[in-house]
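Here is what each chain is made of, one letter per residue.
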Amino acid sequence: MKERLSCYERLELAWNLQEADRVPVAPVNCYIIPYLAGISIRDMFYDPDKLIAATIKAREMLGGGDNIDPNITTLNHLSMFGRAGWDQATLDWRIWDDFPPKGNLPSLFEKALIEDYDDVMERGFAPLLYSKNGAQAIFTRSIDEFLYYEFEYPKVYAAAWRRFVEEQEVPLLMGGRACHPLDMLQYYRGIANLTQDIFEQPEKVKAMCDWLVEYETTMAMRDAMIMGAGEVPGAEVIFFVNGGPPGMSPRIFDEFYWPTAKKMIDIFVTRGFKVHCHWDNDLTPHLETIKHMADGLPKGKLLLDLEKTDMKRAKEVLGDRICIFGNVPSAMLVYGTPEEVDAYCRKLIEECAPGGGFILSTECETPWDSRPENVRAIVQAAEKYGWY
Amino acid sequence: MGKLSDALAVLDKPAVLAAVQEGIEAGTDPLQLVEEARLGLEAVGREFDKGNYFLMELLRAAQIFKDAVALLTPKIKERYGSAASRGTVVIGTVAGDVHDLGKNIVRDLLQCNGFEVIDLGVDVPAARFVEAIRQHRPKVVGMSALLSAAVTQVGRTVEAIEEAGLRDQVRLIVGGGIVGEVKRNMLRVDHATTNANEGISVILDWFGREQA
């Protein structure tokens, strides 16, 4: 058996497509943390000290893991505009105090905010901010409050997580979040309108995607810098969210999604960041395109976090190019048994771990109502079957 | 398949609308034109099942179909008074869940297939489903559920329908990301799926069988 590595060293080797001491394990625990620790979702979003205390408590209940999600959606949500699809200035996000059945998870109420792509490309965010369909929270918050959450609060938030990383010796899952522009357009136009646009005004959709690249990459890198990229382990990772609209055919993926995705990945990596692509849905039909993700880039900078994709096939196609991450099903975590989770993880490890470049995790994220023993079974499976 | 259905099958909206216009001008029965468009929609569904089309193509086909029907509706009303419905389906996303993409796709596809759809929206309490069954007398009730917690809500809704004594009057179908992956006996519904096209086929089958 190899010498036992730190969590960060173990993850680094996986990113570099090498075998570590054992397979890294990193369930994406997010809303399950406040739920298990007994704090409200509102506290999770507004009180970093409470969130971090809850994280420590929940990690004990869930068996740990090699990194931790610092919930950068908080920064996105409290910031001014258009940050990774989560801002409250334009988008109608609703945060409840309680979990179901009394409350709910934060939810986006979709509205068509962009009516004219040219107007947005010409005037920037003004048409979004002043859209009659907008959330317009900016008009209910004081300028002082907005400025505080845009410029001061991120530093307070980052300092709290820096202390966590130093004390717990557990790296962050990410330092900043970015959304693919098609995802942003899904939020700003609605999926039905976006589908229509892709077929009826394809060049406008592509131009709008291009327009969003600079803003979205810059904001994500800014957050990662504030979170301590280069100093705080894991803060150098940009969490590049989602796979665009669900159900893209290979033609739409190759023509509308992929060129912008690759452009953003290249920007992040050439500026010194690593990219964790958190791409939902079943991407099996697109693996032949995705295998070019690392073209022209140094090794060890990319990770692909898959939800419904066939992991065995992903390993075959991508194994010598990109680290893959995933994918214990959500339904199994909520309704299955530890034995079922154990068997699923064992199979994943057998199929994906040989040669390195695999991190055992959840699909998308751990549902808040998962059985804690099922989440522990993921971590235990890495200890049981994951030693190289 | 004719010109209209062929155009819809390849998602060519201008050609579909031109074919409809041509048909109207030639005095073709508007219901025949609707039927022809529906054949095109079925062809899209078959391509989806074969893996040649994906969800966005399915959504696009429904959009084109609806645009075609919008041109034909005045003609149908002129000739027949009102369009005949294949039957009524009540649909909604269960309590605690506000996702509507899947529900809206199924709603649109049902409408394209000639059903009257009562859309209760999102975050629908069990009592509202019960009330809608009493009011609209549907043959089928569709529940949409994406979140894991929504599975419990599906159970509560089924329970409420049972308690109201309405369970034997309706078929229950549930669709969405999570529900297709849990064990069927947890849901106590007649069908569960993650696939919109499959859901439509099942509902068509139910109506077909009952009409036969």
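Given the structure is predicted, the values throughout are model-derived calculations rather than measurements. (Residues numbered from 1 in each chain as written. Chains lettered and ligands numbered in written order. Predicted model: local features only at pLDDT ≥ 70, side-chain atom pairs only at ≥ 80, totals over all residues. Heavy atoms only, no water.)

1. Things to note about the packing of helix 2 (residues 13–25) of chain B against helix 4 (residues 55–80) of chain B
Residue and element names in this part refer to chain B. For the record, the criterion: Every angle, taken between N-to-C directions, lies between 0 and 180 degrees, and every axis is a line fitted to C-alpha atoms, over only the stretch in contact when it is a helix. Under the scheme used here, helices are H or I runs from DSSP no shorter than 4 residues and strands are E runs no shorter than 2 residues, and both carry numbers assigned from the N terminus. Roughly parallel means an angle under 35 degrees; roughly antiparallel means over 145; roughly perpendicular covers 65 to 115; every other angle is labelled oblique. Left-handed is the label given to a crossing in which the near helix is rotated counterclockwise from the far helix by less than a right angle, and right-handed is the label when the rotation is clockwise. By definition, residues are in contact when any of their heavy atoms lie within 4.5 Å. Here the term charged refers only to Asp, Glu, Lys and Arg, the term nonpolar to Ala, Val, Leu, Ile, Met, Phe, Trp, Tyr, Cys and Pro, and the term polar to all other amino acids, Gly among them.
Packing of helix 2 against helix 4 leaves a shortest axis separation of 10 Å and a crossing angle of 20°. In terms of axis orientation, helix 2 runs roughly parallel to helix 4. By crossing handedness, the relation of helix 2 to helix 4 is classed as right-handed. Taking contact as the criterion, the partners of Lys13, Val16, Leu17, Val20, Gln21 and Ile24 in helix 2 are, on helix 4, Arg60, Ile64, Asp67, Ala68, Leu71, Leu72 and Lys75. Of the residues assigned to the contact of helix 2 with helix 4, the class counts are 8 nonpolar, 1 polar and 4 charged.

2. Some words on the pattern of salt bridges
Our working rule: The working definition used for a salt bridge is a side-chain nitrogen of Lys or Arg within 4 Å of a carboxyl oxygen of Asp or Glu. Burial status follows relative accessibility: with a 1.4 Å probe on protein chains alone, a residue under 20% of its type maximum counts as buried, one over 50% as exposed, and anything between as partly exposed.
Applying the stated criterion across every chain, the model contains 47 salt bridges over all chains. Residue Arg123 of chain A is joined to Asp119 of chain A by a salt bridge in which the shortest nitrogen-to-oxygen separation is 2.9 Å. A residue pair is termed a helical-turn pair when its members lie 3 or 4 positions apart in one helix, as Arg123 of chain A and Asp119 of chain A do in helix 6 (residues 117–123) at 4 residues. Given a relative accessible area of 24%, Asp119 of chain A falls into the partly exposed group. Note that Lys3 of chain B is salt-bridged to Glu22 of chain B, the shortest N-O span being 2.7 Å. In this pair, Lys3 of chain B sits in helix 1 (residues 3–9) while Glu22 of chain B sits in helix 2, placing the two residues 19 residues apart along the sequence. One salt-bridge network, in which partners are shared between bridges, spans Arg4, Arg10, Asp21, Arg22, Asp66 and Glu383 of chain A.

3. What to know about the sheet that holds strand 6 (residues 302–306) of chain A
Residues and elements named next belong to chain A. So the rule is basically this: Criterion used throughout: strands pair if DSSP finds at least two bridges between them.
Strand order in this open sheet of 6 strands is 3-4-5-6-7-8, and the pairing throughout is parallel. Whereas interior strands pair on both sides, the edge strands pair on one side only; in this sheet they are strand 3 (176–179) and strand 8 (358–362). Pairs of neighbouring strands in the sheet enclose a mean axial angle of 25°, with direction left out of account. In the packing of helix 14 (residues 311–318) onto the sheet, the strands contacted are strand 6, strand 7 (323–328) and strand 8, and the crossing angle to strand 7 comes to about 180°. Of the strands in this sheet, strand 7 and strand 8 are in contact with helix 16 (residues 338–352), which crosses strand 7 at around 160°.

4. Let's talk about helix 1 (residues 7–15) of chain A
All names here are of chain A. Here is the rule we go by: This arc describes the spread of directions from the helix axis toward the C-beta atoms.
Listing the buried residues of helix 1 in full gives Cys7, Arg10, Leu11, Ala14 and Trp15. Angularly, the buried residues of helix 1 cover 140° about the axis, an arc narrow enough to put them on a single face. Contacts from the buried residues of helix 1 go to strand 4 (237–241), strand 5 (274–279), strand 6, strand 7 and strand 8. Once helix 1 ends, the next one or two residues include Leu17, with phi positive near 60°.

5. Let's talk about the environment of Leu194 of chain A
All names here are of chain A. Mapping Leu194 onto the fold places it in helix 10 (residues 191–200). The class for Leu194 is buried, based on a relative accessible area of 0%. Taking the C-alpha atoms as reference points, Leu194 and Leu182, 12 residues apart in sequence, are found 8.5 Å from one another. Leu194 has contacts with Tyr117, Leu182, Leu185, Gln186, Arg189, Val205 and Pro245, leaving out every residue within four places of it along the chain.

6. Notes on unusual backbone geometry
Both trends apply: most residues other than glycine have a negative phi, and most peptide bonds are in trans. For Leu17 of chain A, which is not a glycine, the phi torsion comes out positive at approximately 60°. Structurally, Leu17 of chain A is set in the loop between helix 1 and helix 2 (32–37).

7. Let's talk about the domain arrangement of chain B
Residue and element names in this part refer to chain B. Definition in use: Segmentation of the chain into domains, including their bounds, is taken from an automatic or database domain assignment.
When cut into domains, chain B gives domain 1 (3–80) and domain 2 (88–211). Each of domain 1 and domain 2 has a C-alpha centre, and the two are 26 Å apart. There are 1 salt bridge connecting domain 1 and domain 2. Taking the shortest distance from any N to any O, the salt bridge between Asp108 and Lys66 comes out at 3.0 Å. Listed by contribution, the elements that provide at least two residues to the side of domain 1 that touches domain 2 are helix 3 (30–50) and helix 4. Considering every element that reaches the side of domain 1 that touches domain 2, the biggest residue donor is helix 4, with 6 residues. By residue class, the composition of the side of domain 1 that touches domain 2 is 7 nonpolar, 1 polar and 3 charged.

8. A closer look at the interface of chain A and chain B
Quick note on the threshold: Here the quantity called buried area is the accessible surface, traced with a 1.4 Å probe, that two parts lose on coming together, added over both. Residues adjacent in sequence count toward polar contacts only when both atoms are side-chain atoms; beyond that, a polar contact is any pair of N or O atoms within 3.5 Å, and within protein one must be able to donate a hydrogen and the other to accept it.
Opposite the 31 residues of chain A that make contact, chain B presents 25 residues. Both sides together, the interface formed by chain A and chain B hides about 2,200 Å², and carbon and sulfur atoms give 64% of it. The largest per-residue losses of area from chain A upon contact with chain B belong to Thr195, Phe199 and Tyr335 of chain A, which jointly make up 25% of the total buried on that side. Where chain A meets chain B, there are 2 salt bridges. Taking the shortest distance from any N to any O, the salt bridge between Glu200 of chain A and Arg60 of chain B comes out at 2.9 Å. Across the chain A-chain B interface, the total number found is 6 residue pairs in polar contact (both at pLDDT 80 or more). If you list the elements that add at least two residues to the side of chain A that touches chain B, you get strand 2 (107–109), helix 10, helix 12 (250–270) and helix 15 (330–335) of chain A. Residue contributions to the side of chain A that touches chain B peak at 7 residues, all from helix 10 of chain A. Considering only residue class, the side of chain A that touches chain B consists of 19 nonpolar, 7 polar and 5 charged.

9. Re the environment of Gly2 of chain B
Along the chain, Gly2 of chain B turns up in the segment before helix 1. Distance in space between the C-alpha atoms of Gly2 of chain B and Leu39 of chain B is 9.0 Å, their sequence separation being 37 residues.

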